[in-house]
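Examination of the molecular architecture
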Amino acid sequence: GMMFADLGAVLDQLPVADLEKHPEAFMQVWVAQGGMVSINHPLVVPAKTSLPVGRNNLSFRPWVSNDEVPPEITEAGRLAMGVEVYNLPAAFLRDNLLSHDGPGTYAQTLTRLDAEIQKQQRRLMPVGGTDSHEGFLRATTFVLAHDRTEAGLKEAVQAGRVCVKDPQACSLQVRVPGGEWQPVGASVAHAQTIEVKARAQAKGAVLRMMLDGTTVATPSSDAIAKVALDGKCQVLRLEVGEGASAPIYLNCPFAAPKGPVAANLAR
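The sections below set out a description of the structure shown in this document. Keep in mind the model is a prediction, meaning the values are calculated, not measured.

Okay, the state of the cysteines next. This model, assessed by the stated rule, comprises 2 disulfides. Linked covalently through their sulfurs, C163 and C170 form a disulfide whose S-S length is 2.1 Å. Measuring handedness by torsion sign, the sulfur bridge of C163 and C170 sits at about -100 degrees and is left-handed. No difference in accessibility class separates C163 from C170, as the two residues are buried. Residue pairing for C233: its cysteine sulfur links by disulfide to C252, the two sulfurs lying 2.1 Å apart. Between C233 and C252 the disulfide shows an S-S torsion of about 85 degrees. By sign, it is right-handed. A residue pair is termed long-range when its members are at least 10 positions apart, and C233 in the loop between β13 (225-228) and β14 (234-240) and C252 in the segment after β16 (248-250) qualify at 19 residues. When its relative accessible area of 13% is taken as the criterion, C233 is described as buried. On the basis of relative accessible area, C252 is assigned to the buried category, the value being 5%.

Structure (structure tokens):
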């Protein structure tokens, strides 16, 4: 999935003859022009089903095999900021109707996202619907933006202030005790303990604070929970209802602190 750059401007810099020799240059120029790349449904491997549609391998090969892939695919994986954890056909058709072994691609991809952040030592965020091509639209990604403009949305997405499936997950906030609250996508350095909170809009919703994929706290809505850190790079996410937030980066050198984000965020 590719967004935010001007296709014409990118192609103006890339003669066809050069692209034929080095197709990966397209990805490099796209990102250099302010564009974003997402990896779509990376874990949609063939399901065990008699239906041909379910046996298609739609996965991102560098994540699931050691097969050689074209250089532009390798480069897309290296430069990607987003990972499509929620894809409607994959979630409803493949996971619910065609396959019943395991948690499904949504939960699997969220877990893999945490692992890839640590493996690649760079920012990655979950997104939903970057491969949407149905005849209707449904909200799958929610954004915390300073304003409701195209530029505001782009800044928020590229800063990682997003959540998937349920806007409640965007309420995750973190601070060093006594410090300023920071939102999803933020980075905290030199922390031994953090305080976390979130708001559940749905009655009875369980807030699950996930540290490196493991639940470390389940506070009630707006309650503050303390979480001890191990001093190494760790990622914190919120899962609530069916929704999940993008990470907050804790003691991760590759995600340098950006400072407190202004409070006038509009969802």
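Another aspect to go through is the pairing of strand β3 (residues 82-86). Burial analysis of β3 places 5 of its 5 residues in the buried class, the great majority of the element. When strand β2 (residues 36-39) meets β3, the two strands line up parallel, connected through 2 bridges. Considered in β3, the bridge of S38 is made with G82. By the bridge criterion, 4 bridges tie β3 to strand β4 (residues 125-128) in an arrangement that is parallel. Each residue of the ladder has a partner; that of Y86, found in β4, is G128.

Let us look at helix α5 (residues 71-79). Buried within α5 we find E75, A76, G77 and L79. Residues of α5 that are buried make contact with α3 (24-32), β2 and α7 (105-120).

To describe two helices that pack against each other, one gives the angle between their axes and the distance between the axes. Running from N to C, α3 and α5 cross one another at 25 degrees; their axes reach a closest spacing of 7 Å. Taken together, the axes of α3 and α5 lie roughly parallel to each other. The residues of α5 that touch α3, namely those facing E24, M27, Q28 and V31, are P71, E72, E75, A76 and L79. When grouped by side-chain class, the residues that make up the contact of α3 with α5 number 5 nonpolar, 1 polar and 3 charged.

In this section: empty space enclosed by the protein. Where empty space is left in the structure can be found by rolling a water-sized probe over the atoms. Summed over the entire model, instances satisfying the criterion amount to 1 cavity of 30 Å³ or more. Volume-wise, the largest cavity comes out at about 30 Å³. Every residue lining the largest cavity is listed: H41, P42, L43, V44, E84, V85, N87, A90, T105 and T109. Elements with a minimum of two residues in the lining of the largest cavity: β3 and α7. In the lining of the largest cavity, the residues fall into 5 nonpolar, 4 polar and 1 charged.

Going through the model one piece at a time under the given rule, you end up with 9 salt bridges. Between D114 and R237 there is a salt bridge; the shortest N-O distance is 2.9 Å. On the criterion of sequence distance, the pair formed by D114 in helix α7 and R237 in strand β14 is long-range, its members being 123 residues apart. The pair formed by D114 and R237 is uniform in burial state, with each residue classed as buried. Here D222 and R199 are joined by a salt bridge, their closest N and O atoms 3.0 Å apart. Remark: R199 occurs in the loop between β10 (193-197) and β11 (207-211) and D222 occurs in the loop between β12 (214-217) and β13; sequence separation between them is 23 residues. A relative accessible area of 48% means that R199 is categorised as partly exposed.

Thresholds, definitions, all that
Residues numbered from 1 in each chain as written. Predicted model: local features only at pLDDT ≥ 70, side-chain atom pairs only at ≥ 80, totals over all residues. Heavy atoms only, no water. Disulfide = S-S within 2.5 Å. Buried < 20%, exposed > 50% of the residue type's maximum accessible area, 1.4 Å probe, protein only. Helix = DSSP H or I, 4+ residues; strand = E, 2+ residues; numbered from the N terminus. Pairing = 2+ DSSP bridges. Contact = heavy atoms within 4.5 Å. Axes fitted to C-alpha atoms, helices over the stretch in contact; angles between N-to-C directions. Parallel < 35°, antiparallel > 145°, perpendicular 65-115°, else oblique. Nonpolar A, V, L, I, M, F, W, Y, C, P; charged D, E, K, R; others polar. 1 Å grid on protein atoms, 1.4 Å probe; cavity = no way out; pocket = protein on both sides within 12 Å on 5 of 7 lines; lining within 4 Å. Points joined across faces, edges and corners; volume = space filled by probe spheres on them. Salt bridge = Lys/Arg side-chain N within 4 Å of Asp/Glu carboxyl O.

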